[in-house]
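# Structure assessment
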Amino acid sequence: MTTPEDTLWLSNTVTVAAGQFGPTGDRRENLRQITMYVQEAADRAASLVVFPEYASYFNGRLGPDYAANAEPLDGPFVTALGRLAAEHGLHIVAGLVARSEDEHRFANTVVAVAPTGELEAAYRKVHLFDAFGHRESQWVVPGPLDEPVTFEVEGIRVGLQTCYDLRFPEITRRLVDAGAELVVIPSQWVGGPLKEHHWNTLVQARAIENTVYVLAAGQAIPHGIGRSMIVDPMGVVLAATGAESAFLSTEIGLERIAQVRATNPALRMRRLAVVVPEADAPGVGAAGDASRA
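I will try to describe carefully the structure that is included in this document.

Reading the values: the criteria
Residues numbered from 1 in each chain as written. Predicted model: local features only at pLDDT ≥ 70, side-chain atom pairs only at ≥ 80, totals over all residues. Heavy atoms only, no water. Helix = DSSP H or I, 4+ residues; strand = E, 2+ residues; numbered from the N terminus. Expected span 1.5 Å × (residues − 1). Buried < 20%, exposed > 50% of the residue type's maximum accessible area, 1.4 Å probe, protein only. Arc of directions from axis to C-beta. Polar contact = N/O pair within 3.5 Å; in protein donor to acceptor, adjacent residues only side chain to side chain. Axes fitted to C-alpha atoms, helices over the stretch in contact; angles between N-to-C directions. Parallel < 35°, antiparallel > 145°, perpendicular 65-115°, else oblique. Left-handed = near helix turned anticlockwise from the far one by under 90°. Contact = heavy atoms within 4.5 Å. Nonpolar A, V, L, I, M, F, W, Y, C, P; charged D, E, K, R; others polar. Salt bridge = Lys/Arg side-chain N within 4 Å of Asp/Glu carboxyl O.

### Some thoughts on helix α2 (residues 27–43)
Over its 17 residues, α2 extends 24 Å from the first C-alpha to the last, a length consistent with the 24 Å expected when each residue adds 1.5 Å. Inspection of α2 places Asn30, Gln33, Ile34, Tyr37, Val38 and Ala41 among the buried residues, and these make up the whole buried set. Along α2, the residues classed as buried sweep out an arc of 140 degrees about the axis, all on the same side. Summarising the geometry of α2, the exposed residues directed more than 90 degrees from the buried face are Arg28 and Asp43. A distance of 3.1 Å separates the backbone nitrogen of Arg28 from a side-chain oxygen at the start of α2, and that oxygen is part of Asp26. Just downstream of α2, Ala45 is the residue with a positive phi angle, here 60 degrees.

### Structural notes on the packing of α2 against helix α4 (residues 76–88)
Relative to each other, α2 and α4 sit at 20 degrees, their axes nearing to 10 Å. When the axis of α2 is compared with that of α4, the two are roughly parallel. Taken as a pair, α2 and α4 cross one another with a handedness that is right-handed. Touching Leu31, Ile34, Thr35, Val38, Gln39 and Ala42 of α2 are Phe77, Ala80, Leu81, Leu84 and His88, all from α4. Class assignment of the residues belonging to the contact of α2 with α4 gives a composition of eight nonpolar, three polar and no charged.

### Observations regarding the pattern of salt bridges
All told, the structure shown has 13 salt bridges when counted by the stated rule. Across the salt bridge formed by Glu53 and Lys125, the nearest N and O atoms sit 2.9 Å from each other. With Glu53 in the loop between β2 (48–50) and α3 (64–68) and Lys125 in the loop between β5 (119–124) and β6 (150–153), this residue pair connects regions lying 72 residues apart in the sequence. Looking at Lys125, the relative accessible area reads 1%, which means it is buried. Two residues, Arg270 and Asp177, come together in a salt bridge whose shortest N-O distance is 2.3 Å. One end of the pair, Arg270, is in the segment after α8 (266–269); the other, Asp177, is in helix α5 (residues 169–177), and 93 residues separate them in sequence. On the accessibility criterion, Asp177 (43% relative accessible area) is partly exposed.

Shape is all these values report; function is a separate question.
Here you go:
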């Protein structure tokens, strides 16, 4: 039986947004663009705004300059995000080139800062982009196979993953098992034959198969395909962009998730679970070599 408290909880809606831009090697310019989009998110009463992968620093193909420009989690970039979040009273998610234990490589990280200005979550990319002629693992330390990373935005549980992780459905499924109702995916999706088709299909598939919202924030051209989108639990695209720098926002709500899951109870009906293997399990890339998973 649905109680009045349940009805009130389900009727809660939250405005979420994404700022699509093309980060460069000019870290001040990257923050300027982020600041502009945070202001727009605040003007639209958004509670969450998401920025692309590598939002702190990007200079085309990876190289030694990335480790040289990597920052700690309490460095200038995250500190600036914290100030913006506190000033405008919203949550900010963005990609960070973070320092790692290996001085020659960095950690491809997504950070979330709270309206208090504090760091509330950090996720290190598990699946590195060693495909389509690229080798991200040459310059990036893969993230550990830890517990799924989530945080809360006004009663909605948000899960974090990054770009190439999108091709591995078990990543999203673990987030949903951990309670995520919205999955955000900062990305730098490289263009190429059929790559836009893959992006559109996979973003919508992750929403449909998990009956959750997905917010995928891509880099704009020239180094990404753009195509940021917000998708509802039935796979309906609620907001989307083209390839250029752009802003998008929409309302999401738990009532829609409940409606979809009543119609399509696939999560409840499934008979298999995602199990994290031992690091040396045969046939599965070890935690220290997750890029080959």
